[in-house]
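Here's the letter readout for the chains.
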Amino acid sequence: MCCVEPNGERWNQPLTDDDRNLAEVPGRLTNQSALAAWPLLQRSRWVWEGNRLMAAAAWKSQSLQSALIAACLAVTAAVFIRLELLGALGTRLAYITLYPAVTVAAVIGGYRAGALATTFAALAASVWLSPLREAADWVGLAVFVVACVLIVGVTDAMHRAQTRALEAEAEAKLAGAIRESEARLKAVVDTAADGIVSIDGTGIIQSVNPAAARLFGYRPAEAVGQNISLLMPEPHRSRHDQYLRDYLWSGKGKMVRFGREVQGLRKDGGVFPMDLAVSETTIEGERLFIGLVRDISERKRAEERQQQLTEELKTSESDARRQQALFEGVFNSAPDAIVLADMERRITMVNAPFTRLFGYDVEEVAGSDDSKLYVDRAEWRRIGDHIFADTVEAPPVPQSAQFRRKDGEIFPGEIVVSGYSDQSGAQLGYVGIIRDVALERKREEAQRQSQKLEVIGQLTGGVAHDFNNLLIVIIGNLEFLEMRLEEDEERALLRKALDAADMGQRLTDRLLTFARRQTLAPERTSLNQIVLSLTDMLRRTLGPSIELTTVLSPSLWPVVADRGQIESAILNLALNARDAMPQGGKLVMRTSNMEIDTAPVDADLQSGRYVRLTVEDTGEGMPPDVRAHAFEPFFTTKGTGRGTGLGLATIYGFAKQSGGSATIDSDVGKGTTVDIFLPAEPSFGTAGSAQERMQQ
Ligand SMILES: Nc1ncnc2c1ncn2[C@@H]1O[C@H](COP(=O)(O)OP(=O)(O)OP(=O)(O)O)[C@@H](O)[C@H]1O
Ligand SMILES: [Mg+2]
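What you see is a predicted model; the values in this text were computed from it and never measured.

### Considering the environment of Asn332
Within the secondary structure, Asn332 is located in helix α11 (residues 297–333). C-alpha of Asn332 to C-alpha of Asn351: the two residues are 19 residues apart in sequence and 5.1 Å apart in space. Leaving out residues up to four positions away in the same chain, Asn332 has contacts with Asn351, Ala352 and Pro353.

### Focus on the site of ligand 1
Near ligand 1, the surroundings consist of 18 residues, among which Asn576, Thr636, Thr637, Lys638 and Thr644 are the closest. The side chain of Thr637 places a nitrogen or oxygen atom 2.4 Å from an oxygen atom of ligand 1. Between ligand 1 and the protein, one listed contact pairs an oxygen atom with a backbone N or O atom of Leu646 at 3.2 Å. Calculation on ligand 1 without its partners gives an accessible area of 590 Å², and the protein chains cover 91% of this total. With three residues, the single largest contributor to the shell around ligand 1 is helix α18 (residues 563–580).

### Describing the pattern of salt bridges
Counted by the stated rule, this structure contains 34 salt bridges. For Arg382, the salt bridge goes to Glu379, with nearest N and O atoms at 3.2 Å. Residue Arg382 and its partner Glu379 are located together in helix α14 (residues 377–389), separated by three residues, close to a single helical turn. By relative accessible area, Arg382 is classed as partly exposed at 34%. Residue Glu379 is classed as buried on the basis of its relative accessible area, which comes to 14%.

### Looking at the sheet that holds strand β16 (residues 661–667)
Within a sheet, adjacent strands bond to each other through the backbone by hydrogen bonds, running parallel or antiparallel. Judged by pairing direction, the sheet is mixed, and its five strands sit side by side in the order β12-β14-β15-β17-β16 without closing on themselves. Bordering the open sheet on either side are β12 (546–552) and β16, each of which pairs with just one other strand. Each neighbouring strand pair of the sheet contributes to a mean axis angle of 15 degrees, computed without reference to strand direction. Pairing of strand β15 (residues 609–617) with strand β17 (residues 671–679) involves eight bridges; the strand directions are antiparallel. Counted as the bridge partner of Val611 is Leu678 from β17. The strands touched by helix α17 (residues 527–542) are β12, β14 (585–595), β15 and β17; relative to β12, the strand with the most contacts, the crossing angle is about 175 degrees.

### Looking at the pairing of strand β9 (residues 410–421)
Remember that side chains alternate between the two faces of the sheet whenever the strand is regular. As defined by bridge partners, strand β8 (residues 399–404) adjoins β9 across six bridges and the pair is classed as antiparallel. In the sheet register, Phe403 faces β9, and the bridge partner there is Phe411. The loop that links β8 with its antiparallel partner β9 comprises five residues; one of these, Gly408, has a positive phi angle of about 95 degrees. Two elements, β9 and strand β10 (residues 427–436), share nine bridges in a ladder whose sense is antiparallel. Paired with Val416 across the two strands is Ile433, which belongs to β10. Linking β9 back to β10 in an antiparallel pair, the connection comprises five residues, with Gly425 at a positive phi of about 95 degrees.

### With respect to the sheet that holds strand β7 (residues 347–350)
Spatially, five strands are ordered β7-β6-β10-β9-β8 in an open sheet, and the strand pairing comes out antiparallel. Two strands bound the open sheet, and with one partner strand each, they are β7 and β8. Between one strand axis and the next, the sheet turns by 35 degrees as a mean value, whatever way the strands run. On top of the sheet, helix α15 (residues 438–484) reaches β8, β9 and β10; it is set at about 130 degrees to β9, its chief contact.

### As for the nonpolar core
In terms of nonpolar packing, the biggest core is built from 43 residues, with Leu527, Ile566, Ile570, Leu587, Met589, Ile676 and Leu678 touching the most fellow members. Not counting chain neighbours up to four residues away, the residues in contact with Leu678 comprise Leu527, Val559, Ala561, Ile566, Tyr610, Val611, Phe654, Ala655 and Ser658. With 25 residues, the next largest nonpolar core counts Ala74, Val102, Ala121 and Ala125 among its residues.

### Looking at a nonpolar patch on the surface
A cluster of nonpolar residues, Leu83, Leu86, Val127 and Trp128, forms a patch on the protein surface that exposes about 380 Å² of accessible area. Looking at where Trp128 falls in the secondary structure, it is placed in helix α6 (residues 98–129). The class for Trp128 is exposed, based on a relative accessible area of 54%.

### Some remarks on unusual backbone geometry
Geometrically, the link from Glu234 to Pro235 is a cis peptide bond, its omega value of 5 degrees lying close to zero. Mapping Pro235 onto the fold places it in the loop between α9 (220–223) and α10 (236–250).

The rules behind each value
Residues numbered from 1 in each chain as written. Chains lettered and ligands numbered in written order. Predicted model: local features only at pLDDT ≥ 70, side-chain atom pairs only at ≥ 80, totals over all residues. Heavy atoms only, no water. Helix = DSSP H or I, 4+ residues; strand = E, 2+ residues; numbered from the N terminus. Contact = heavy atoms within 4.5 Å. Near = heavy atom within 4 Å. Polar contact = N/O pair within 3.5 Å; in protein donor to acceptor, adjacent residues only side chain to side chain. Areas by Shrake-Rupley, 256 points an atom, 1.4 Å probe, with all protein chains shown as cover. Salt bridge = Lys/Arg side-chain N within 4 Å of Asp/Glu carboxyl O. Buried < 20%, exposed > 50% of the residue type's maximum accessible area, 1.4 Å probe, protein only. Pairing = 2+ DSSP bridges. Axes fitted to C-alpha atoms, helices over the stretch in contact; angles between N-to-C directions. Core = buried A, V, L, I, M, F, W, Y, C linked by side-chain atoms within 4.5 Å. Patch = residues over 30% accessible without salt bridge, like charges linked within 9 Å, V, L, I, M, F, W, Y side chains within 5 Å.

Here's what the structure looks like:
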């Protein structure tokens, strides 16, 4: 006997350990594994045990071959024993050993063996033991056969009764096993966390477990008997019947499969996402579909949340990248040096202008405190006091400080510092924006100097003009008087007065030049020619201890200026250089063209093209306070009678009146360089107003 599954598959083979585990631990079933376990649940351990008993009860040893062997053996043994007893018994009791032989054959081999044994025994007896010679022999044989038939019949009846009892016992055990299996299955189905719904081939719901009832909001009794499309939202609801029919007809379609995401419809109309696994089976020729459903709303929500978070993360990452790019763009393209430092004032980041300004690379300063940027620690502390002290949020104010570059050079700067903090307000450090203001200061100083000289010029110019007028009158009258005087002694006194008046006139003349009120005689001329024309005379004047060199630009633009004033300026500068080099030295005179862009900031020039005359000596140089006053009239360090202090003043005044300027670059021990800038001739430059200014 064997058990056959409804779909015809044989399953009476012993269960594997995996099968038993699956069948005995239903609580662990997942959606897919529960479906996979469905057939296994039906052939549980007890079912298999009943099957085994049934098989044991089936007494199938009555094959003809075994019956033949049993009969042969029993009869042969009986005949042999009886022949051995011939001496003792003779022909009496010929069948005595054959009865037990038939009985044994029937008991062991069944009715077939009994019948065969009877036949063999009858034949053997009639041949060897009791030959059929007379009627009594025939009667004896007949009695033997009848008796054997009875023995075999009784034995077989007893045998059948025993078999039935065994079968009844096995069937009872099997029925119990099936009931228990069903109860277990029901318990699994009822307690399953997932919904289980079975439908027949027409889509009518056959069973609904409590989880499915809860999920869809129907009582099991309400759902059973309804079409499964009841649990589906449109458009699946309208399509389902046709879909099922097509599947049953063609076997095509995805009716049966694990883990498919679909939508379910609750009784209250709510639609929810669910995971659906469908398996198919056949029971007594009826096709049955079993669906396992699981509400995945929560999972979907979690997935959506995750998706949203991922999107937000991506957005914030790209925002952060944009911010970073923006920050780096601003940070590195800012015109000023920017330094970022932590709360301990250790540098964390610097921009490219910082490297240009201070000469330090990022690696050289990162991690070290920012004191090395300041001229000394007192200055560093002074600036530091402001960084974190401000509790009130006020706009940062620029502070002046002295900074030090990597090469040790000190420069004046302005720094704006402000603390920066994270989103929670916790201070992270400070940002310092540093600007080199050396050029600015120089420009401001040059403007101040220029304004000061202009004011002095206005004052002295007025006085010099009046004095000049007076001197003209004095000189005129003195000359008139000289013609009238006849006494030599008187004439000599008058000559002295006239000489003094002439000196006064020269002096006022120079003052008028400084005051830019000189009557100039501008002409187109070349500075190179003027320099060359003076070199012989200059060499003689300077003496052999001073080496005069000229470096003249071959393509020098011409200028329109007063030649006499230029010559006078060159002579004055050469004499100043000589005075500054009592032990001798080098004097270089250079001419060059210059665009305004390359003009020194202290020249205070308007835009245009200029010709530059540079007079450079290797003399003692000027200390800063001398340099600051050197262009002022009557400023001299040469003592009474040796210098008037008007040389540089007239050069400056002439250059300014000509539309140009003059600058001094000098340091003690490094020599002095004086530059005179004159506008290039208008056709060669844009300083077209030079001529007009000269006419003033
Ligand atoms: N080449 C120079 N080297 C060093 N110091 C100079 C040089 N040129 C001018 N000075 C300084 O500038 C001062 C003013 O010079 P400036 O030519 O105006 O007057 P001076 O030379 O003293 O007198 P003057 O030129 O009227 O004879 C000088 O007294 C001197 O101290
Ligand atoms: Mg001088």
